[in-house]
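Reading the structure
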Amino acid sequence: MNILIIGNGGREHAFAWKISQSSRCNKLFVAPGNAGTAAHATNVPIAVDNFEALGKFCTEQAISLVVVGPEAPLVKGIRDYFEQNPDLKNILIVGPGKKGAQLEGSKDFSKQFMLRNGVPTAKAKTFQANEVNDALQYLDTCKPPIVLKADGLAAGKGVIITPDLDEAKATIREMLVDKKFGEASAKVLIEEFLSGIELSVFVLTDGKDYVILPEAKDYKRIGEGDTGPNTGGMGAISPVPFADEAFMKKVEDRIIKPTIAGLHKENIDYKGFIFIGLMNCNGDPLVIEYNARMGDPETQAVLPRIKNDFVDLLVDAASGNLNGKKVESATEFAATVVMVSGGYPADYPKGKTINGLDATNPALVFHAGSKQTNNQIITDGGRVLAITGYGADIQAAREKAYAGVAKLSWEGVYFRKDIGMDLMKQN
Ligand code: AMP
Ligand code: GLY
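Attention shifts here to the site of ligand 2. In the vicinity of ligand 2, the contacting residues are Asp218, Gly232, Phe275, Arg293, Gly295, Asp296, Pro297 and Glu298. Here a nitrogen atom of ligand 2 and a side-chain polar atom of Asp218 are 2.8 Å apart. Between Arg293 and ligand 2, the recorded distance is 2.9 Å, taken from a side-chain N or O atom to an oxygen atom. Burial of ligand 2 by the protein amounts to 88% of the accessible area it has alone, namely 200 Å². Here the shell around ligand 2 is built from residues that sort into two nonpolar, two polar and four charged.

So this is what it looks like as structure tokens:
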């Protein structure tokens, strides 16, 4: 079958790499893709939210399966657009409709969904602009650190955590009254702070049945030892030693089952990935957030460990046939190290020549913010490459990944050297 992947990050390069290995994949396209996806697929210069052009392309190229990478087109309703169009409605899509994507698109919706369906999560209260005084009074009753969350999508910047009550008060005013994140902060959640270790759990569902993909740990902060500002993710490890059978059983019974049952009960026909960001609080999993997509860079660590034909899983999810299916995962560990432009997550330069891409690499090299020019590949974003090493334990996987990193460079390149080290100490 002909397949279209939508997106242009490292996650989409990993999708393209994995999907291109399936005997069921005939022609593979990525819109818009990056310099890495071009090695496995044909890049198509169409923006992820240009539904009309994407639909037309799907008809022209006889696409049977569309895999939606990022959240923006899901929240904007790409599935609804295809379903409502007679020429497109038979195309299989991996990704929920607009309603289901609200699990990620609205933190207020997802919090209420969790409460309605008995999914354990941090306590929270939502306030709108006309309730700013109530919000300020409520803050006086909260125990710091204080967690403020913009309701809508805010490019990963909508969560502010501060130990300082006055700063929290100033920030909530900026969010609600000055619309710091535009419409995304028309509502703000004040949430209880959870302490523990985070885990990314990935579920692929057809709306009734589900499979659980390998879990991963993401490294969100820019600095070693988890310091400095949050980023999209600086690295990932899969599997995660503390996510043992007993812990994952709690995750399945307390979180995954009620989530899928809740979607069904609320008539949300959800076909796609659910990424559950959770906190392990002394052995109990509590949900921090849902995402309606796979994680980045977690995908680059998770997919290399999946032994199934990935297209089989995607088609089964999109066509409602996951009943009885199982994910077979390798016992090996994967370690992913993200190489970023100097300055990221604040301002950074683009257009730097990436050296070393032609050399053989002991690791998998996934591109994110890269661009092919006439005769070279240059940096074109904050997160530029994600390098995945594979091995019998975390140490071996890390060594492979960092050996891969060592072959690559550009002016100002930065990466964390401690990916996975915290998990080795736990073992
Ligand atoms: P999000 O944008 O929802 O992924 O949040 C960004 C990060 O903020 C999460 O990955 C956590 O590290 C942190 N975070 C969010 N909510 C909480 C919470 N209730 N308690 C502690 N940390 C949180
Ligand atoms: N790595 C976290 C995310 O994809 O949101």
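Within the largest apolar cluster, 71 residues are counted, with the highest numbers of intra-cluster contacts made by Leu4, Val66, Leu199 and Ile276. Considering every element that reaches this core, the biggest residue donor is helix α9 (residues 245-265), with seven residues. Discounting chain neighbours no more than four positions away, the residues touching Ile276 are Leu199, Ser200, Val201, Val203, Ile255, Ile256, Val287, Glu289 and Tyr290. Core analysis: the second largest hydrophobic core is formed by 41 residues, Leu65, Phe202, Val315 and Ala318 among them.

On to the sheet that holds strand β5 (residues 92-94). Pairing within the open sheet is parallel, and its five strands lie in the order β3-β2-β1-β4-β5. Both outer strands of the open sheet, β3 (42-43) and β5, are each paired with one neighbouring strand and no more. With five bridges joining them, strand β1 (residues 2-7) and strand β2 (residues 28-32) adopt parallel strand pairing. Residue Leu4 lies in a different strand from β2, and its bridge partner there is Phe29. Against the sheet, helix α1 (residues 10-19) touches β1, β2 and β4 (63-68), its axis set at about 165° to β1.

For the rest of this paragraph, the subject is the sheet that holds strand β17 (residues 284-291). The strand order β11-β10-β16-β17 describes an open sheet built from four strands, whose pairing is antiparallel. Edge positions in the open sheet fall to β11 (210-212) and β17, since each of these has one partner strand only. Geometrically, the sheet is characterised by an average inter-axis angle of 30° between neighbouring strands, direction not taken into account. Where strand β16 (residues 272-281) and β17 come together, seven bridges link them in antiparallel fashion. Note on β17: the bridge partner recorded for Asn280 is Pro285. Sheet contacts for helix α11 (residues 310-319): β10 (197-205), β11 and β16; angle to β10, the most-contacted strand, approximately 70°.

A few words on the environment of Lys350. With respect to the helices, strands and loops of the structure, Lys350 is situated in the loop between β18 (333-340) and β19 (364-367). Residue Lys350 is classed as exposed on the basis of its relative accessible area of 51%. Sequence-wise, Lys350 and Gly320 are 30 residues apart; in three dimensions their C-alpha atoms are separated by 43 Å. Apart from the residues lying within four places of it in its own chain, the contact partners of Lys350 are Thr379, Asp380 and Gly381.

Below, the discussion takes up the environment of Asn26. The topology assignment puts Asn26 in the loop between α1 and β2. Asn26 sits in the exposed class, given a relative accessible area of 57%. Separated by 321 residues in the primary sequence, Asn26 and Asp347 have C-alpha atoms spaced 40 Å apart. When neighbours within four sequence positions are excluded, Asn26 is seen to be in contact with Met1 and Asn2. Within the structure, Asn26 has its side chain in polar contact with the side chain of Asn2 (distance 3.2 Å).

Before going further, it helps to spend a moment on the pairing of β1. With six of its six residues buried, β1 lies for the most part within the structure. Two strands pair when backbone bridges link them, and β1 and β4 are joined in this way by five bridges, in the parallel orientation. When the bridges of β4 are listed, Ile6 appears paired with Val68. Traced from β1 through α1 to β2, the parallel crossover comes out right-handed.

This brings us to the site of ligand 1. Taken together, 15 residues sit near ligand 1, with Glu191, Glu192, Leu194, Glu198 and Glu289 positioned nearest. One of the backbone N or O atoms of Glu192 is found 2.9 Å from a nitrogen atom in ligand 1. Within the side chain of Glu198, a nitrogen or oxygen atom sits 2.4 Å from an oxygen atom of ligand 1. The protein chains hide 90% of the 480 Å² of surface that ligand 1 would expose on its own. Elements with a contribution of two residues or more to the shell around ligand 1: β7 (146-150), β8 (159-162) and β17. Here the shell around ligand 1 is composed, by residue class, of seven nonpolar, one polar and seven charged.

Thresholds, definitions, all that
- Residues numbered from 1 in each chain as written.
- Chains lettered and ligands numbered in written order.
- Predicted model: local features only at pLDDT ≥ 70, side-chain atom pairs only at ≥ 80, totals over all residues.
- Heavy atoms only, no water.
- Near = heavy atom within 4 Å.
- Polar contact = N/O pair within 3.5 Å; in protein donor to acceptor, adjacent residues only side chain to side chain.
- Areas by Shrake-Rupley, 256 points an atom, 1.4 Å probe, with all protein chains shown as cover.
- Nonpolar A, V, L, I, M, F, W, Y, C, P; charged D, E, K, R; others polar.
- Core = buried A, V, L, I, M, F, W, Y, C linked by side-chain atoms within 4.5 Å.
- Buried < 20%, exposed > 50% of the residue type's maximum accessible area, 1.4 Å probe, protein only.
- Helix = DSSP H or I, 4+ residues; strand = E, 2+ residues; numbered from the N terminus.
- Contact = heavy atoms within 4.5 Å.
- Pairing = 2+ DSSP bridges.
- Axes fitted to C-alpha atoms, helices over the stretch in contact; angles between N-to-C directions.
- Right-handed = clockwise from strand over helix to strand, strands pointing away.

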